[in-house]
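The residues making up each chain are set out below.
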Amino acid sequence: MKRNQFIKTIITGAASMTTLAAFNSFTSNLDEQEQTMPALFIGHGSPMNGIEDTEFSRRWTKMAGEIPTPKAVLVVSAHWFTKGTKITAMDFPETIHDFGGFPKELFAVQYPAPGNPALAKETVSLLHSASVELDHDWGLDHGTWTVVRHMYPEANIPVLQLSIDYTKGPQYHYDLAKELHALRKKGVLIIGSGNMVHNLRMVAWDKMNDADYGYDWAKQMNNTFKELISSDNHKPLINYSSLGREAMLAIPTPEHYLPLIYTLGLKSGKDEVSFFNDTAVGGSLTMTSVKLG
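In this text the structure is predicted, and so the values were computed from the model without any measurement.

**Quick notes on the overall build of the protein chain**
Here's step 1: In terms of helices and strands, the protein chain carries 12 helices and 10 strands.
Here's step 2: Residues counted as buried form 54% of the 293 residues belonging to the protein chain.
Here's step 3: Here the contacts in the protein chain between residues at least 6 apart in sequence split such that 81% fall between residues at least 24 apart.
Here's step 4: Counting every atom, the protein chain has about 12,800 Å² of accessible surface; 50% of that belongs to carbon and sulfur.

**Quick word on the environment of Val188**
Here's step 1: In this fold, Val188 is placed in strand β6 (residues 188-194).
Here's step 2: In this structure, the C-alpha to C-alpha distance between Val188 and Ala39, residues 149 residues apart in sequence, is 8.9 Å.

**A short note on helix α6 (residues 142-151)**
Here's step 1: Most of α6 sits inside the fold, with 9 of its 10 residues counted as buried.
Here's step 2: All of the buried residues along α6 are His142, Gly143, Thr144, Trp145, Thr146, Val147, Val148, His150 and Met151.
Here's step 3: Of the surrounding elements, those touching the buried residues of α6 are β1 (39-43), α3 (55-66), β2 (72-82), α4 (104-107), β5 (159-165) and β6.
Here's step 4: Capping of α6 at its N-terminal end is provided by Asp141; its side-chain oxygen lies 2.9 Å from the backbone amide nitrogen of Gly143.

**Let's talk about the packing of aromatic side chains**
Here's step 1: The tally for this structure, following the rule as stated, stands at 9 aromatic pairs.
Here's step 2: When the ring of Phe81 is compared with that of Tyr166, the centres are 6.1 Å apart and the planes differ by 40°; the resulting orientation is tilted. With Phe81 in strand β2 and Tyr166 in the loop between β5 and α7 (170-179), the pair connects residues that are 85 residues apart, well separated along the chain.
Here's step 3: On the basis of relative accessible area, Phe81 is assigned to the partly exposed category, the value being 31%.
Here's step 4: Between Phe99 and Phe102, the aromatic rings sit 5.5 Å apart at their centres with planes inclined by 80°, giving edge-to-face as the arrangement.
Here's step 5: Grouped by ring-pair contacts, the aromatic residues Phe99, Phe102, Phe107 and Trp145 constitute a single cluster.
Here's step 6: Above the plane of the ring of Tyr172 lies Lys168, whose end atom (NZ or CZ) is 5.4 Å from the centre.
Here's step 7: Directly above the ring of Tyr213 sits Lys207, whose terminal nitrogen or CZ lies 5.7 Å from the centroid.

Procedures and definitions
Residues numbered from 1 in each chain as written. Predicted model: local features only at pLDDT ≥ 70, side-chain atom pairs only at ≥ 80, totals over all residues. Heavy atoms only, no water. Helix = DSSP H or I, 4+ residues; strand = E, 2+ residues; numbered from the N terminus. Buried < 20%, exposed > 50% of the residue type's maximum accessible area, 1.4 Å probe, protein only. Contact = heavy atoms within 4.5 Å. Areas by Shrake-Rupley, 256 points an atom, 1.4 Å probe, with all protein chains shown as cover. Polar contact = N/O pair within 3.5 Å; in protein donor to acceptor, adjacent residues only side chain to side chain. Phe/Tyr/Trp six-rings, centres within 6.5 Å; stacked < 30°, edge-to-face > 60°. Lys NZ or Arg CZ within 6 Å of the ring centre and 35° of its normal.

See below:
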């Protein structure tokens, strides 16, 4: 099915939302709720998790059934690294296939979730510590759609992305995330999508199918991250370079780690912390994910 057919289906197929205007009116009415929406950090791993039935994708599907249905989803993806902070603000974001060397079936996937320009503008108004640009060019990259299509396969919930400003350090991103907390009270599910341990240069490709295969340093660092998260000791996680050589091996570049910092910045004192998909892949990657609330 072509993209314009997808869009037509979304606009005309739901009896309660017969026009795009009615749909936007419904989704932009984000009043505060009694129950604060959980926040997630998800280790997304290989793009193939987007189309394969794996232990990881099954857990994403299960997670969607364990939490309230969100009014919208906002994803901070490792794969939108920009100068300055941007947020998608179009009615229907494109599905971006930002990878190479994978089967054609993966490139054929479309995830036609709507956007929500009104929510994008509201999010901009919350972020006082940054000048945020409304973006109409990006879309949903694989850090977003490979996960969210398993959680909400009908693509009937608005999905937005917030970019990561590569000119700023972890403390900046942690503080920025704190300003997003108000969205959790309005039914928005915020997801940081990356990987705690992510060193592609050291992957043991011949061990990719070995269950929970991780180098000693990778497992050690992953356990350290979990201990610090569980004890609400975020300062060492923000200043991760102080955690030693193992941290530098786990985080050779920051883009897959910073989405975790966003999730941690969203934490309130009442949030319980739990972990899922807590396993290593290929020696130097971990899929360990976090649920707050």
